[in-house]
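Residue strings, one per chain:
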Amino acid sequence: MNQDEMKKLAAQAALEYLPDGGIIGIGTGSTVNHFIDALAPIKGRFEGAVSSSEASTERLKAIGIPVLDLNAVGDLEIYVDGADESNRHLQLIKGGGGALTREKIIAAASKRFVCIADETKLVDVLGTFPLPVEVIPMARSYVARELVKLGGAPVWRENFVTDNGNLILDVHNLEIMEPAHLETTINQIAGVVTVGLFAHRGADVLILGTPEGPKVIEP
């Protein structure tokens, strides 16, 4: 079973966690694309969705699910999204697709965050995947220097602009032993919009696609 097939298994398993109606939060990425595809046959159950990216918005509209503004709907019952890495405490690294700020906002506004991924995303220590940091353009060099002081090796994600009009620094060479502490520290750097550590608000459920079927991890 290849990685994409495992992602699809996790995405399909997440359908069991959905409420009977209302509005659902939808993330971004290849695993979430499988989840959106799986929603198509049951799209009539939901009033609509709040999306974390323009890419997911277009995919949702294509299958006939209305996309709503978070400001207009308030708190959500559930948010389904992927991750670039997760530890066993369900603290995550997200932002490989560049949608980390909107993903973090929707996760914060949701009562339950269901994370879907293939089994390769589960790690003992976060940091092998470069940590994305969204920054205001004029602060790029300053923030990079501050990240070096924290032991990271930031690399500007060139030719990429977020849906918010900002830039991404991908921070290499980190071994993140205290994710919540590092999340707070980086978020306090002037010019940082959001860091892709989801530790203060991690996932509530992690569904991993494996060759043996979906595996569910809860804290």
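Everything numeric in this text was worked out from a predicted model, so none of it was measured.

Taken as a whole, this structure holds one aromatic pair when the rule is applied. Aromatic pair Tyr79 and Phe113: ring centres 5.1 Å apart, planes at 40°, arrangement tilted. Residue Tyr79 is found in strand 3 (residues 76-81), and its partner Phe113 is found in strand 6 (residues 110-118); the two are separated by 34 residues along the sequence. In this structure, Tyr79 and Phe113 share a single accessibility class: buried. Cation over ring: Lys94 sits above Phe198, and NZ or CZ is 5.5 Å from the ring centre. Residue placement shows Arg157 over the ring face of Phe160; its charged tip is 5.2 Å from the ring centre.

Next up on the list: the environment of Thr57. Tracing the backbone through its elements, the reader meets Thr57 in helix 3 (residues 54-62). Accessibility expressed as a relative area gives 11% for Thr57, which makes it buried. Taking C-alpha positions, Thr57 is 26 Å from Glu119, a pair spaced 62 residues apart along the chain. Not counting the four nearest positions on each side in its chain, Thr57 is found in contact with Ser51 and Val67. Only 2.9 Å separates the side chain of Thr57 from the backbone oxygen of Ser53, close enough to count as a polar contact.

Rules used throughout
- Residues numbered from 1 in each chain as written.
- Predicted model: local features only at pLDDT ≥ 70, side-chain atom pairs only at ≥ 80, totals over all residues.
- Heavy atoms only, no water.
- Phe/Tyr/Trp six-rings, centres within 6.5 Å; stacked < 30°, edge-to-face > 60°.
- Helix = DSSP H or I, 4+ residues; strand = E, 2+ residues; numbered from the N terminus.
- Buried < 20%, exposed > 50% of the residue type's maximum accessible area, 1.4 Å probe, protein only.
- Lys NZ or Arg CZ within 6 Å of the ring centre and 35° of its normal.
- Contact = heavy atoms within 4.5 Å.
- Polar contact = N/O pair within 3.5 Å; in protein donor to acceptor, adjacent residues only side chain to side chain.

Take it as geometry only, folks, not as evidence of what the structure does.
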